[in-house]
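# Observations on chain architecture
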Amino acid sequence: MPATRDELLNELRAARAELLEVLESIPEADRETPGACGEWSLKDVLVHLNHWEGETITLLYTLKRGAPVTSILLDPKLDVDACNARWVAMAKERPWERVWNDFQGVHVQLLRRVAEFSDEQLFQAGLHPKLGKTPLWRVIAVCAFEHEREHAEGLRAWQKQIKP
């Protein structure tokens, strides 16, 4: 568990490196093959990760600026499965290269937004009423580095199944 902003940033970078190691070992021909995560392809998994990290960026941006929170992350009525299905469906025709570029860009933006916060803002409960007692770092962890590690593990298992 990170205890400072720098440790949180290191955790984000480490999880991304772990995921990249898995992604780089998957053949190009398998990128859009269903089954990487349920019915999803590798491309679908990246679309999924891009959207959740994008929502995290939206949350960080609005919190830092004192603007109304518009991110779906703090919506108590959020239907996660419906969001995932909608995002993946919307990106079906999106080329791999654009999904990959989004994947790279979202991570850079996430690191930049996290770096704008102090240790106190990230780790102390009560930063915003919609967060309640949940410290901001936990939302970041769930939507970013824990999420990436979860999918890296699943992709490793899938990769073993697709290897000839």
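You'll find the structure just up there.
The structure presented is a predicted model; accordingly, all values stated were derived computationally and were not measured.

Cut-offs and rules
Residues numbered from 1 in each chain as written. Predicted model: local features only at pLDDT ≥ 70, side-chain atom pairs only at ≥ 80, totals over all residues. Heavy atoms only, no water. Helix = DSSP H or I, 4+ residues; strand = E, 2+ residues; numbered from the N terminus. Expected span 1.5 Å × (residues − 1). Polar contact = N/O pair within 3.5 Å; in protein donor to acceptor, adjacent residues only side chain to side chain. Buried < 20%, exposed > 50% of the residue type's maximum accessible area, 1.4 Å probe, protein only. Arc of directions from axis to C-beta. Contact = heavy atoms within 4.5 Å. Salt bridge = Lys/Arg side-chain N within 4 Å of Asp/Glu carboxyl O.

## Concerning helix α2 (residues 42-65)
For α2, with 24 residues, the first-to-last C-alpha span of 35 Å sits near the 34 Å given by 1.5 Å per residue. For α2, the capping residue at the N-terminal end is Ser41, with a side-chain oxygen 3.3 Å from the backbone nitrogen of Lys43. Looking one or two places after α2, you find Gly66, whose phi comes out positive at around 70 degrees.

## Observations concerning helix α7 (residues 145-162)
Between its terminal C-alpha atoms α7 stretches 25 Å, which fits the 26 Å expected from 18 residues at 1.5 Å a residue. Along α7, the residues classified as buried are Phe145, His147, Glu148, His151, Ala152, Leu155, Trp158 and Gln159. When α7 is viewed along its axis, its buried side chains cluster within an angular range of 135 degrees and face the same direction. Facing away from the buried side of α7 by over 90 degrees, the exposed positions are Glu150, Glu153, Lys160 and Gln161. Lining the buried residues of α7 we find α1 (5-24), α2, α4 (96-115) and α6 (136-143).

## As for the pattern of salt bridges
Side chains bearing opposite charge may pair, as long as their charged atoms lie close to each other. Taken as a whole and judged by the stated rule, the model has 11 salt bridges. The shortest N-O distance in the salt bridge between Glu18 and Arg149 comes to 3.0 Å. Of the two residues, Glu18 sits in helix α1 while Arg149 sits in helix α7, which places them 131 residues apart along the sequence. Residue class for Glu18 comes out partly exposed when judged on its relative accessible area of 30%. Among the residues examined, Arg149 registers a relative accessible area of 23% and is labelled partly exposed. When the shortest N-O distance is used, the salt bridge between Glu116 and Arg65 registers 3.5 Å. Linking Glu116 in the loop between α4 and α5 (119-123) with Arg65 in helix α2, this pair joins segments that are 51 residues apart in sequence. Assessed through its relative accessible area of 25%, Glu116 is described here as partly exposed. Residues joined by salt bridges that share partners form a network here, namely Glu11, Glu18 and Arg149.

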